Amino acid sequence: MDGLKRTWLGVILVVALVAALGVVVGCGDTTTTVAPGGDSTSTTATDMGDLAEDQTLALNLSAEPPSLDPNLATDTTSALVINNIFEGLVHLDNDGNPLPGAAESWESSDDGLTYTFNLRGTDTWSNGDPVTSMDFKNSWTRILDPATAADYAYMLYQIVGAEDFNGGTGTADALGIDATDPNTLVVTLTSPAPWFVPMMNHQAFFPIPKATVDAFGDKWTEPVNIVTNGPYSFVEWNHDSDILLTKWADFREAESITLETVKMSMINEETTAVAAFENGEIDVQDALPTADMPRLKQLPQYKMFPTLGVYYYGFNTKQPPLDDVKVRKALALAIDRQAIIDNIAQADQQAASSITPPGIPGFDVMVQDFLKPTAQVDEAKALLAEAGFPDGAGMPEIVIYHNTSEGHAAIATAVQEQWKAIGVNVTIKNMEWKQYLDFVQNNDDVMVYRMGWIADFADAYNFLELFRTNSGNNYTRWGSADFDKALTDSLSAADDAARWDLYTQAEKIASDEMPIMPIYWYTNPDLVQEWVDGYFAQPLGNQVNLWVIKILKH
Amino acid sequence: MKDEPIGKGVKKFTSVDGETFDAGEPLVLEQSTLLGDVVRRYSHNRAAMAALFILLFMIIYSTVGPWLRPWSFDEGLYSNPSLIPYQLPNLAHWFGTDQNGRDLFVRLAMGGRVSLLIAFAATGIVLVIGVLYGSLAGFIGGKTDEVMMRFVDVLYGLPYLPFAIILLVILGAGIVPMLLALAVVSWLTPSRLVRGQMLTLKQNEYVEAARALGATRGRIIFRHLLPNTLGIIVVAMFLEVPGMILGEATLSFLGLGISSPDASWGTLASEGWKALRSHPWMIILPGIFIAVTVLCFNFVGDGFRDAIDPRTKETK
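None of these values were measured; they are calculated from a predicted model. (Residues numbered from 1 in each chain as written. Chains lettered and ligands numbered in written order. Predicted model: local features only at pLDDT ≥ 70, side-chain atom pairs only at ≥ 80, totals over all residues. Heavy atoms only, no water.)

Asks: Explain the overall build of chain B here, please?
Replies: From N to C terminus, chain B includes 13 helices and 0 strands. Walking chain B from its N terminus toward its C terminus, one meets helices and strands in the order α-α-α-α-α-α-α-α-α-α-α-α-α. Within chain B, the fraction of its 316 residues that count as buried is 50%. When contacts within chain B are restricted to residue pairs at least 6 apart in sequence, those whose partners lie at least 24 apart make up 71%. Summed over its atoms, the accessible surface of chain B is roughly 15000 Å², and 69% of this surface lies on carbon and sulfur atoms. (Helix = DSSP H or I, 4+ residues; strand = E, 2+ residues; numbered from the N terminus. Buried < 20%, exposed > 50% of the residue type's maximum accessible area, 1.4 Å probe, protein only. Contact = heavy atoms within 4.5 Å. Areas by Shrake-Rupley, 256 points an atom, 1.4 Å probe, with all protein chains shown as cover.)

Asks: So what exactly am I meant to see when it comes to the environment of B:Pro159 here?
Replies: Here B:Pro159 lies in the loop between helix H6 (142-157) and helix H7 (160-171). With 26 residues separating them along the chain, B:Pro159 and B:Val185 place their C-alpha atoms 9.0 Å apart.

Asks: Is there a simple way to think about the sheet that holds strand S18 (residues 516-521) of chain A in this case?
Replies: Strand pairing in a sheet is mediated by backbone hydrogen bonds. Such pairs are either parallel or antiparallel. All names here are of chain A. Strand order in the open sheet formed by 6 strands is S14-S18-S13-S17-S15-S16, and the pairing between neighbours is mixed. Because the sheet does not close on itself, it has two edges, and the strands there are strand S14 (350-351) and strand S16 (426-431). The pairing of S14 with S18 spans 2 bridges and is antiparallel. Pairing of Ala-351 across the sheet is with Tyr-520, part of S18. Contacts from helix H10 (residues 337-345) reach S14 and S18, with the element oriented near 50 degrees to S18. (Pairing = 2+ DSSP bridges. Axes fitted to C-alpha atoms, helices over the stretch in contact; angles between N-to-C directions.)

Asks: Please clarify how the sheet that holds strand S5 (residues 114-119) of chain A should be interpreted in this entry.
Replies: Residues and elements named next belong to chain A. Taken in spatial order, the 4 strands line up as S4-S5-S7-S6 in an open sheet, and their pairing is antiparallel. The strands lining the two open edges of the sheet, one partner per strand, are strand S4 (103-108) and strand S6 (177-181). Each strand of the sheet is rotated relative to its neighbour by a mean of 20 degrees, with strand direction disregarded. With 3 bridges joining them, S6 and strand S7 (residues 184-188) adopt antiparallel strand pairing. Bridge pairing in S7 places Asp-181 opposite Thr-184.

Asks: How do you make sense of the confidence of the model for chain B when you look at a structure like this?
Replies: A low pLDDT means the predicted coordinates there should not be read in detail. All names here are of chain B. In this model, chain B carries an average pLDDT of 84, and 87% of its residues clear a pLDDT of 70 or more. At the level of individual helices and strands, chain B shows its lowest average pLDDT in helix H1 (residues 5-16), which scores 46, and its highest in helix H4 (residues 46-68), which scores 93. Confidence drops under a pLDDT of 50 for residues 3-17, and excluding neighbours within four residues, the segment shows 21 contacts in the predicted structure. Counting contacts from residues 23-30, a segment whose pLDDT is below 50, to residues more than four positions away or on other chains yields 3 contacts. (pLDDT = per-residue confidence, 0-100.)

Asks: Just to check I follow, could you spell out unusual backbone geometry for this structure?
Replies: All names here are of chain A. The amide bond that connects Pro-320 to the next residue, Pro-321, takes the cis arrangement and shows omega of 0 degrees. Even without glycine at this site, Ser-62 takes up a positive phi of about 75 degrees. Owing to a relative accessible area of 5%, Ser-62 belongs among the buried residues under this scheme. Notably, Arg-477 is not glycine yet its phi reads approximately 60 degrees, a positive angle. The topology assignment puts Arg-477 in the loop between helix H15 (460-464) and helix H16 (481-491). By relative accessible area, Arg-477 is classed as buried at 17%.

Asks: Would you mind going over a nonpolar patch on the surface with me for this structure?
Replies: Nonpolar side chains collect at one region of the surface, where B:Phe53, B:Leu56, B:Ile59, B:Ile60, B:Val64, B:Trp67, B:Leu68, B:Trp94 and B:Phe120 lie side by side and expose about 910 Å² of accessible area between them. Tallying contributions element by element places H4(B) first for the nonpolar patch, with 7 residues. (Patch = residues over 30% accessible without salt bridge, like charges linked within 9 Å, V, L, I, M, F, W, Y side chains within 5 Å. Salt bridge = Lys/Arg side-chain N within 4 Å of Asp/Glu carboxyl O.)

Asks: Got a minute to help me understand the packing of aromatic side chains in this structure?
Replies: Note on aromatic pairs: each is described by the distance of the centres and the angle between the planes. Residue and element names in this part refer to chain B. For the structure shown, the criterion picks out 35 aromatic pairs over all chains. Aromatic side chains Tyr-61 and Phe-289 sit 5.5 Å apart centroid to centroid with 50 degrees between the ring planes, which places their arrangement in the tilted category. Of this pair, Tyr-61 sits in helix H4 while Phe-289 sits in helix H13 (residues 281-308); the two residues are 228 residues apart in sequence, bridging distant segments of the chain. Taken as a pair, Tyr-61 and Phe-289 share a single burial class, namely buried. By relative accessible area, Phe-289 is classed as buried at 10%. The rings of Tyr-61, Trp-94, Phe-95, Phe-105, Trp-265 and Phe-289 are connected pair by pair, giving a single aromatic cluster. The residue whose ring lies beneath Arg-69 is Trp-94, and the NZ or CZ to ring-centre distance is 3.9 Å. (Phe/Tyr/Trp six-rings, centres within 6.5 Å; stacked < 30°, edge-to-face > 60°. Lys NZ or Arg CZ within 6 Å of the ring centre and 35° of its normal.)

Asks: Explain H6(B) here, please?
Replies: Because the α-helix completes a turn every 3.6 residues, residues three or four places apart line up on one side. Residues and elements named next belong to chain B. Spanning 16 residues, H6 covers 23 Å between terminal C-alpha atoms, matching the ideal 22 Å at 1.5 Å per step. For H6, the set of buried residues is Asp-145, Met-148, Met-149 and Val-152. Seen along its axis, H6 keeps its buried residues to an arc of 95 degrees; they face one direction. Facing away from the buried side of H6, by more than 90 degrees, are the exposed residues Lys-143, Val-147, Val-154 and Gly-157. Contacts made by the buried residues of H6 are with helix H5 (104-140) and helix H9 (188-201). (Expected span 1.5 Å × (residues − 1). Arc of directions from axis to C-beta.)

Asks: Just checking my understanding: could you explain the pairing of strand S13 (residues 309-315) of chain A for this structure?
Replies: Looking along a regular strand, one sees side chains alternate from face to face of the sheet. Residue and element names in this part refer to chain A. A large share of S13 lies buried, amounting to 7 of its 7 residues. Every second residue of S13 is oriented toward a common face, with Gly-309, Tyr-311, Tyr-313 and Phe-315 on one face and Val-310, Tyr-312 and Gly-314 on the other, all of them buried. Judged from the 5 bridges that link them, S13 and S18 form a sheet pairing that is antiparallel. The residue of S18 that forms the bridge with Tyr-311 is Tyr-520.

Asks: I keep staring at the environment of A:Pro320 and nothing clicks. Help me out?
Replies: Residues and elements named next belong to chain A. Relative to the elements of secondary structure, Pro-320 occurs in the loop between S13 and helix H9 (325-333). Among the residues examined, Pro-320 registers a relative accessible area of 49% and is labelled partly exposed. Sequence separation of Pro-320 and Met-447 is 127 residues, and the distance between their C-alpha atoms is 8.6 Å.

Asks: Help me out: how do you make sense of the domain arrangement of chain A in this one?
Replies: You'll often see interface size given as the accessible area lost when the parts meet. All names here are of chain A. Per the domain assignment, the segments making up chain A are domain 1 (29-229 + 527-551) and domain 2 (309-521). Here domain 1 and domain 2 have C-alpha centroids that lie 29 Å from each other. Both sides together, the interface formed by domain 1 and domain 2 hides about 2200 Å², and carbon and sulfur atoms give 58% of it. The interface formed by domain 1 and domain 2 holds 0 salt bridges in total. Taken together, the connections running from domain 1 to domain 2 amount to 9 residue pairs in polar contact (both at pLDDT 80 or more). Here the residues of the side of domain 1 that touches domain 2 are counted per class, giving 12 nonpolar, 10 polar and 5 charged. (Domains from an automatic or database assignment. Buried area = accessible area lost by both parts, 1.4 Å probe. Polar contact = N/O pair within 3.5 Å; in protein donor to acceptor, adjacent residues only side chain to side chain. Nonpolar A, V, L, I, M, F, W, Y, C, P; charged D, E, K, R; others polar.)

Here is the structure:
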């Protein structure tokens, strides 16, 4: 008994000490993505004299990246690493415009159906092999190969033959990807896609070192095996603990890169991470604790970045009672979005009335106002009664799942209370990010899950195609032929107005059937130490071009 | 032979326990009873008395606290917009409000119910398992004892916290899994204690006599031996409870405890910790409740041990 007591006491003591060191809660996606490129991004001119001797950036990744395989990663946490150790055809500047990356230049045909990317011919992989157009073709063929089962395969569906090959009815030979010249990559699309070039900054389109992938299988992304072509070398990966990147000396532009080392930690308690930030142990923290938001907003290190994203709760539409659209609508109507923003998120987010966020071209045309900022309790109750659960009577308990984070937990308890108000009882469960992604995708027991989506390219298509029947990122088990058709038709729409009209139809179908319940449109508040120069989280994928960062004297 | 205190205690205890005891020794009756001794000795122990009153207060607070204020424990700003999150303690909200605007006076009382319930229930389970196991091993002795005690040794070797955490991860959060997780790792010490006592007691002549009269094993254990270990068991119980409260708080603090909107002192401390920097009272209050309760249980347990043990000197 004494032994046990002492053990507990010891544990309490340790926990108390840790608690004393840490403090703060935050909310936001554990997602952060980085894109290389962006040379001239808002760096203030600095003399060598202003630079710190130790060019090391300590950045909290918040979670173990689920996958560092460019073809398989689906989340911003993984992408933040991938985008700094691999290089795609283009980078993006802070305004989302493409800059030369692995491709020195590119042209599109007049009909917008053929893109030609010209590689430099001098770039190499970290093992000395040249970077060629075949590396891109290999990657794109692999991500589309049904055997790879990549969630992001649908991103490539506009390439000729891609959907058939991925669906198992076509062959790799029929793909519209031509790499006959090692320095020229020619891509043929089925329909014009104005976002195609900027989209090349997305990790799904990054090249892969095929020989390495074949040799090591799913262990190829371990530091001992990996071969990269980006500005940083992947040096260490202590799983669930930390990641170390160092500048790759043979990178094309290595001489102009100041930041030498990036240490990434995986602290998922915002409170602890912010305490570490305030102690100067972390330079960048992108998930902030809700309880401390008013205080943190006053700090000079508080930075707000624009972002294109939606925070939502998805419903497993095959799981009773969520298979009833009336129940899903009732739950969506019962939410006071503005109260969640005012009391938890607290960073000037907007209550989401539909899926596609403001800032996306055509937003004003597409926006649906089915969901109000405040709760429509009476309507929600009426719908619930229609569904056969008057005041929640007979309603099975709903389980909300979220990935481990204080902010997500706070929102889940708010939702729990609001659903209780219409008679629906809720339990809340959480899992670590990697396990969570696997769970919501593969376990049919999932009921309600929280998720966020940050744009991969600035078009509503990117948000809406998530919920296509065959989208690997659609965890709702929902599919609608009309919805799919509107999106497919949008690809061959005559002009923007026609395209937006089709998007509007798709939004309408989604709000009629409510497979997901949008909560708010993201903003991206980060804490960045004042000595970190050039840090910018991009609106697309919250990407950060680490190589433009400089550490100032401090 | 003079009536040795321990022998006297034994007799009296059995009689108090409702057994007809017709030995009818007026001599014994004239002397102070064991229970009387215990109460007298205990009441002279000021620290133990104070601790007992504080504990009673905690229990009363947990019981009636939720009815003293107009809000329910899960009523926050999302169902009652008049509530404001993170209020400092004030006239309306005596302990302030939490991140959802829920009244902390009510939540701490509800948390007390859960924490104390879990602690008492887990202690009960532990004692039942531990006492049965220990008395069987001790009474049967020999090879059986050897095997049973080596099994206890093996379990002792397991690290408590990871073991409890794994159990909770498998069973999921909730009151019953929490009880099991705490009980499974805590019954070992009581079982050893009781076994040791059994080994000593079974050498006594009255056991020999009972056996000679043809009493069954069960009768000997339950009528003769266990009553004599009751004192030790009571003390063990009081010392076990604070371990359970801390155990529950630890597991809840680690996020494995009662899930929202229910609360225990551990989950309230965990929620408070997240607001430590900006709203420190949110962790201070549950912290104080846990610490004070644990301390008081220890004082009361020590007090009883001293009071029951007749060799203890009387304290003023």
